[in-house]
Amino acid sequence: MRNTPNPKLELDALIVGAGFSGLYMLYQLRRMGFSARIYEAASDVGGTWYWNRYPGARCDTESAQYSYSFSDELQQEWSWSMRYAGQPEILKYLNHVADRFDLRSDIVFDVRIQSAIFDEEKNHWKIQTSQGETIPARFCIMATGCLSSPNFPKIEGLESFAGPVYHTGLWPNEEIVFDGKKVGIIGTGSSAIQIIPLVAEKAEHLYVFQRSPNYTIPAHNGPLDDEHQQKIKSNYADIRKKARLLPAGFLQDYNDKSAFDLTLEGRQREYEKRWAHGGLPFLASFSDLQYNEEANNTAGAFVRGKIREEVEDPKIAELLSPETILGCRRLCVDTGYYETFNRSNVSLVDVSKSPIDKITAEGVAVSGKSYRLDSLILATGFDAMTGTLLRIDIRGREGNTLENKWISGPSTCLGLMMAGFPNLFTITGPGSPSVLTNMITSIEQHVEWISKCLGYLRENDIGQIEPTVKAEDRWVEHNNDLAAKTLRYKCESWYLGSNIPGKPKTFMPYIGGFAFYAEKCAQVASAGYEGFMLTANRSGDKKLKTN
Ligand code: NAP
């Protein structure tokens, strides 16, 4: 069943965003016979993978698991070329999904949602677009991603730089030539760690302005051979099932031993094995790495040892070595990062003690010294998890704004809904496991929960759903309690909002693990949406579409 493109007709659901979440949400709602439409600010599908097209952009969850599981035909027919897929291949995959399930006819591109205002009398959301249209929809579903509002640092003179300035999260859709250029990059997080080795190969000189070093584990990326793919494809059902029972929603080798169950040699062997395997499973080397600082120190010391082995200049090795808790900030995964600092055309500029003074037309000034640049790259991250939602003027009951509700930090029930904002859903919102898990596992679980919920409301002639303040408070408190017990609470990170000046300090993603979370969501639903208020349709309310 297709929507009519008439913007004046009330939709059952308006979905914001055409990334992994929005596409699957549209697919599900359409299958159930609801009228649904996506509005997307970009010119095509992809979400994060549309915007982050910088050289080296690559997913650090293995391709075979960083993919949809909802259609066995899809997972059987699609073949990934690499263990970790690059951005172009992931974007191709999402385009394939959009075409295969004929989703484009219900997506409006190049339109940004500016506001969503709940009309209590009409019992629908009035959603205003950048084109000046106001679209009524019973449900509004924010599929806006966790890392989709780029953070531009407040450095004096940034706008005065004479050359081009690129943000990794808003990379242009054309080839950028760095050959023979003096290039500066600000930031050394996951994005920077991916782009630095590639720009270094082209640039005449690359200056890396580092405020804090990060731990990174080698990806050991490589082609996926046919035999291995076939093995995965014939075991897909089992792989997905097992992944959903794990905290990260990702099938990997968890070690349930403490780091101190082994001797120093035994521990080193485990770390060496994990280093050789590569990627994020390094964090699962021992069960206490995220809880016990001493145990964590053993992993940090191991990585610092590797940095000293790989980086020839001991002073540079020292600067690249974090002394912080490994995995407190998001662990990075790289290809050739540390070796890049052995190149004669790469300089690491420490801005930890004395920050960048200013940016001028010619370049970047640090501690009175000027670095002349032709191009500048900002790999300065995102206003994560809440930034994109708060950029939309969202108003719930009695005109109360989400901005006001979240003034001291985001509060949600299960990361799915907010008290005072009926019929508004967030996919991978704050309070959901999202960024601490395989995003696709979490997205599928959310989309399926929301779809079932809408089906339940339709079947039971219910016009509104909204969490109680009590249930929401309990969820927030539960997550805060769990987060405070882990080492992740012990450093400044974007999980806590510390990267954005003035952002309240709250641990935003749910830290209790995917399996526990999914179980909790299922229990809530099977108990008739316990902790949520359900209100019957009133006589004038438009009935939801049925198949
Ligand atoms: P990020 O981790 O937040 O890193 C931002 C970097 O910019 C940090 O090094 C930060 O320094 C620096 N910075 C910000 N303002 C600065 C200033 N005024 N002066 C100097 N340095 C400044 O951002 P990201 O690298 O874009 O990564 C964000 C997240 O996206 C990742 O954690 C990950 O979840 C996701 N991601 C995933 C992949 C993947 O799957 N492979 C790739 C890229 C990104 P400080 O640390 O000192 O604040």
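It should be noted that the structure appears before, not after, this text.
By convention here, each chain's residues receive numbers from 1 onward along its written sequence. Local features are withheld for residues below a pLDDT of 70 in this predicted model, meaning they are given only at 70 or higher, and side-chain atom pairs are given and counted only at 80 or more; totals for whole chains, interfaces and linings count all residues. Hydrogen atoms and water are omitted, and side-chain values are computed over all heavy atoms in the structure.

Engineer: For the overall build of the protein, give the residues involved together with the corresponding values.
Structural biologist: Under the scheme used here, helices are H or I runs from DSSP no shorter than 4 residues and strands are E runs no shorter than 2 residues, and both carry numbers assigned from the N terminus. Per the secondary structure count, the protein includes 16 helices and 20 strands. Note that the radius of gyration is over C-alpha atoms, with the globule rule given as 2.2 Å times the number of residues to the power 0.38. By the compact-globule yardstick of 24 Å for 547 residues, the protein fits well, its C-alpha radius of gyration being 24 Å. Each principal axis of the C-alpha distribution contributes one length, and for the protein these read about 75 × 55 × 45 Å. For the protein, the residues scored as buried account for 59% of the 547 residues in total. Burial classes follow relative accessibility: with a 1.4 Å probe on protein chains only, a residue under 20% of its type's maximum area counts as buried, one over 50% as exposed, and anything between as partly exposed.

Engineer: Run through the pattern of salt bridges, naming residues and quoting values.
Structural biologist: In what follows, salt bridge is the name for a side-chain nitrogen of Lys or Arg lying within 4 Å of a carboxyl oxygen of Asp or Glu. In the structure shown here, the tally under the stated rule is 23 salt bridges. Here arginine 83 makes a salt bridge to glutamate 62, at a shortest N to O gap of 3.2 Å. With arginine 83 in the loop between α3 (72-77) and α4 (87-100) and glutamate 62 in the loop between α2 (48-51) and α3, the pair connects residues that are 21 residues apart, well separated along the chain. Taking the relative accessible area as the measure of exposure, arginine 83 reaches 15% and is therefore buried. On the accessibility criterion, glutamate 62 (22% relative accessible area) is partly exposed.

Engineer: Tell me about the state of the cysteines, and name the residues and values.
Structural biologist: Here, the word disulfide means a covalent bond between the sulfur atoms of two cysteines. Disulfides are defined in this document as cysteine sulfur pairs within 2.5 Å. Counted under the stated rule, the structure contains one disulfide. Here cysteine 328 engages in a disulfide with cysteine 491; their sulfurs sit 2.0 Å apart. The sign of the S-S torsion, about -105°, decides the handedness of the disulfide formed by cysteine 328 and cysteine 491: left-handed. Here the residue cysteine 328 occupies a position in the loop between α10 (314-320) and β11 (332-334), and cysteine 491 occupies one in the loop between α15 (469-484) and α16 (514-526), the gap between them amounting to 163 residues. Take cysteine 328 and cysteine 491: they sit in the same class, and that class is buried. Just so you know, cysteine 59 is unpaired, no disulfide at all, and the nearest cysteine sulfur is the one on cysteine 146, 13 Å from it.

Engineer: Any details on the site of the ligand? Residues and values, ideally.
Structural biologist: Proximity is defined per residue: any heavy atom of the residue falling within 4 Å of a molecule or strand makes that residue near it. In the vicinity of the ligand there are 23 residues, among which Arg58, Ser191, Arg211, Ser212 and Arg329 approach most closely. Between arginine 330 and the ligand, the recorded distance is 3.4 Å, taken from a side-chain N or O atom to an oxygen atom. Method for areas: the Shrake-Rupley scheme with a 1.4 Å probe, in which residue coverage is limited to the protein chains shown. Bound to the protein, the ligand loses 87% of the 910 Å² it would expose on its own. Amino acids outside the nonpolar list (Ala, Val, Leu, Ile, Met, Phe, Trp, Tyr, Cys, Pro) and the charged list (Asp, Glu, Lys, Arg) are all regarded as polar, and Gly is one of them. Residues belonging to the shell around the ligand are distributed by class as follows: nine nonpolar, nine polar and five charged. The definition of a polar contact used here is a pair of N or O atoms within 3.5 Å, where within protein one atom must be able to donate a hydrogen and the other to accept one, and adjacent residues in sequence count solely through side-chain atom pairs.

Engineer: How would you summarise helix α8 (residues 264-277) if you had to cite specific residues and measurements?
Structural biologist: Because the α-helix completes a turn every 3.6 residues, residues three or four places apart line up on one side. Here α8 is 14 residues long and its end C-alpha atoms lie 20 Å apart, about the 20 Å a rise of 1.5 Å per residue gives. In this description, contact between two residues means that some pair of their heavy atoms is separated by no more than 4.5 Å. In this fold, the buried residues of α8 make contact with β10 (216-218) and α9 (293-310). Glycine 278 occupies a position one or two residues after α8 and carries a positive phi of about 90°. To estimate how far a helix should reach, multiply one less than its number of residues by 1.5 Å.

Engineer: Hey, could you go over the packing of aromatic side chains for me, with residue numbers and the actual values?
Structural biologist: Side-chain rings of Phe, Tyr and Trp (the six-membered ring for Trp) are treated as a pair once their centres are within 6.5 Å; stacked means planes under 30 degrees apart, edge-to-face means over 60, and tilted covers the remaining angles. The full count for this structure, using the stated rule, is 39 aromatic pairs. Relative to tyrosine 27, the ring of tyrosine 24 has its centre 6.1 Å away and its plane inclined at 25°; by these criteria the two rings are stacked. You can see tyrosine 24 and its partner tyrosine 27 sitting in helix α1 (residues 20-31), three residues apart, about one turn around the helix. What makes tyrosine 27 buried here is its relative accessible area of 17%. Members of the aromatic cluster, each reached through a chain of ring pairs, are Phe20, Tyr24, Tyr27, Trp49, Tyr66, Tyr68, Phe70, Trp78, Trp80, Tyr93 and Phe101.

Engineer: An account of the nonpolar core is requested, with residue identities and associated values reported.
Structural biologist: Within this scheme, the nonpolar core is defined by two criteria: the residues are buried Ala, Val, Leu, Ile, Met, Phe, Trp, Tyr or Cys, and they are joined through side-chain atoms within 4.5 Å. In this structure, Phe20, Tyr68, Phe425 and Trp449 are the most contacted members of the largest nonpolar core, which totals 75 residues. By residue number, the principal contributor to this core is helix α14 (residues 439-459), which donates nine residues. What tyrosine 68 contacts, discounting residues up to four positions off in sequence, is Gly19, Phe20, Leu23, Tyr24, Leu74, Gln75, Tyr93, Leu94, Val97, Arg240, Ile440 and Glu444. Residues Leu289, Ala295, Ile307 and Val311 belong to the second largest nonpolar core, which totals 45 residues.

Engineer: Let's hear about unusual backbone geometry: which residues, and what values?
Structural biologist: Notably, serine 434 is not glycine yet its phi reads approximately 25°, a positive angle. Within the secondary structure, serine 434 sits in the loop between β18 (424-426) and α14. At tyrosine 529, a residue that is not glycine, the phi angle is positive and equals roughly 65°. Assignment of secondary structure puts tyrosine 529 in the loop between α16 and β20 (532-536). Tyrosine 529 gets classed as buried once you look at its relative accessible area, which sits at 4%.

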